[in-house]
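A structural walkthrough
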Amino acid sequence: MSELSITTTQNVDINFKAASEGDRVLAYLLDLVIWIAYYFVLDKVFDATGFSDRVNAMDTWSYIAIQTFFSLPVFLYKLLFETFMDGQTPGKRIMKIRVIKIDGYQAGFGEYLMRWLFGLIETTPPLIIIGLIAMSISKKNQRIGDMAAGTAVISLKNNISIDQTILKEINDSYVPVYPLVIKLTDNDVRIIKETYESSLRATDFAMIARLQTKIEDVTGIRSVSANATAFVDTVLNDYNFYTRSM
């Protein structure tokens, strides 16, 4: 699996593992199963309601219009899911892979649209071989659509190679408070976490207050937390959230 190193605009280096061709193909196949299930259910509903007979009795243009309308969810599937699920389709989520920009920011609609447009060719059998060839020769496992959009697909399976002492468990539903934490480095956060935890054990709240002041000076953050303890705890959670989500 290829390593993908990203330097953000705040000069924070984050290392990811690029999603393998196998994971991306499996994610595609899982999405394909959903498409097939959609058409299967649609066909059954049409038959049960007698709508199929009415559609077949329509003139050619009406028939094409109906078919096009009900095919739109599959046609726009990847674009819509990646846009509203932060770079993931259901297949990608199951395989724990995600689309990101190679500058470290979360990809936006423009990048997803570019990937989707190229994907109409690259991920359509038998032309899917084009995407596979591009990924196999790309250092970042990018297909042509990724290269055009400036994106890459990363693995979220132990994706970040940082000192384990800075990691904190956060829920998938966690909402960050201080986006400026990205100005910190892994080493900064390790020192903050070690100082914070040792101060808690010693009930040295004065030290935690000084730690808050230092963090605010370095990052430009202004606390909206209830106290210094809550502030530092939130900073640690936010840093883990942003570095894991980008």
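Now for a description of the structure that goes with this document. (Residues numbered from 1 in each chain as written. Predicted model: local features only at pLDDT ≥ 70, side-chain atom pairs only at ≥ 80, totals over all residues. Heavy atoms only, no water.)

Here we look at the packing of aromatic side chains
A complete count under the given rule lists 12 aromatic pairs for this structure. Each ring, one from Phe51 and one from Phe70, has its centre 6.3 Å from the other, and the planes form 70°; the classification is edge-to-face. Residue Phe51 is located in helix H2 (residues 51-56), and its partner Phe70 is located in helix H3 (residues 60-75); the two are separated by 19 residues in the primary sequence. Ring plane angle 85° and centroid distance 5.4 Å describe the contact between Phe241 and Tyr242, whose orientation is recorded as edge-to-face. Clustering of aromatic rings is evident, with ring pairs tying together Tyr28, Trp35, Tyr77 and Phe81. (Phe/Tyr/Trp six-rings, centres within 6.5 Å; stacked < 30°, edge-to-face > 60°. Helix = DSSP H or I, 4+ residues; strand = E, 2+ residues; numbered from the N terminus.)

Details of the side chain of Glu82
With respect to the secondary-structure elements, Glu82 resides in helix H4 (residues 77-84). You can call Glu82 buried: its relative accessible area is 2%. Looking at Glu82, its side chain comes within polar contact range of the side chain of Arg115, at 2.9 Å. (Buried < 20%, exposed > 50% of the residue type's maximum accessible area, 1.4 Å probe, protein only. Polar contact = N/O pair within 3.5 Å; in protein donor to acceptor, adjacent residues only side chain to side chain.)

With respect to the pattern of salt bridges
With the rule as written, the count across this model stands at 8 salt bridges. A salt bridge links Asp146 to Arg115, with the nearest nitrogen and oxygen atoms 2.6 Å apart. With Asp146 in helix H8 (residues 144-149) and Arg115 in helix H6 (residues 109-122), this residue pair connects regions lying 31 residues apart in the sequence. As far as the burial class goes, Asp146 and Arg115 line up, both buried. Between Glu122 and Arg143 there is a salt bridge, with its nearest N and O atoms 2.9 Å apart. Linking Glu122 in helix H6 with Arg143 in the loop between helix H7 (128-137) and H8, this pair joins segments that are 21 residues apart in sequence. Considered together, Glu122 and Arg143 belong to a single accessibility category, that of buried residues. One continuous salt-bridge network, built from bridges that share partners, spans Arg24, Glu82, Lys92, Arg115 and Asp146. (Salt bridge = Lys/Arg side-chain N within 4 Å of Asp/Glu carboxyl O.)

Digging into helix H10 (residues 205-219)
Taking 1.5 Å of rise per residue, the 15 residues of H10 would be expected to cover 21 Å, and the 21 Å separating its terminal C-alpha atoms lies within 8% of that figure. Every buried residue belonging to H10 is among Ile208, Leu211, Gln212, Ile215, Glu216 and Thr219, and all of these are buried. With its buried residues spanning 135° around the axis, H10 presents them on a single face. Away from the buried face of H10 by more than 90 degrees, exposed residues Lys214 and Asp217 are located. (Expected span 1.5 Å × (residues − 1). Arc of directions from axis to C-beta.)

Some points on the pairing of strand E3 (residues 97-101)
Of all 5 residues in E3, 4 are buried, a share of seventy percent or more. Bridging between E3 and strand E4 (residues 151-155) involves 5 bridges; their strand directions are antiparallel. Looking at the pairing, Ile97 lines up with Ser155 of E4. (Pairing = 2+ DSSP bridges.)

Considering unusual backbone geometry
In this model, Lys96 sits at a positive phi of 60°, which is unusual for a non-glycine residue. Its location among the elements puts Lys96 in the loop between helix H5 (90-95) and E3. Despite not being glycine, Asn141 shows a phi value in the positive range, around 55°. Within the element layout of this structure, Asn141 appears in the loop between H7 and H8.

A short note on the nonpolar core
In terms of nonpolar packing, the biggest core is built from 16 residues, with Val181, Leu184, Ile192, Ile215, Phe231, Val232 and Val235 touching the most fellow members. Sorting elements by how many residues they give to this core places helix H11 (residues 228-245) first, with 6 residues. Contacts of Ile215, omitting those with residues within four sequence positions, involve Ile192, Gly220, Phe231, Val232 and Val235. Counting residues in hydrophobic clusters, the runner-up holds 10 residues, among them Leu79, Ile97, Val99 and Ala107. (Core = buried A, V, L, I, M, F, W, Y, C linked by side-chain atoms within 4.5 Å. Contact = heavy atoms within 4.5 Å.)

Describing the side chain of Thr234
Following the sequence through the fold, Thr234 ends up in helix H11. With a relative accessible area of 16%, Thr234 lands in the buried category. Ignoring anything within four residues of it in the chain, the contact list for Thr234 reads Tyr174, Val177, Tyr178 and Ser225.

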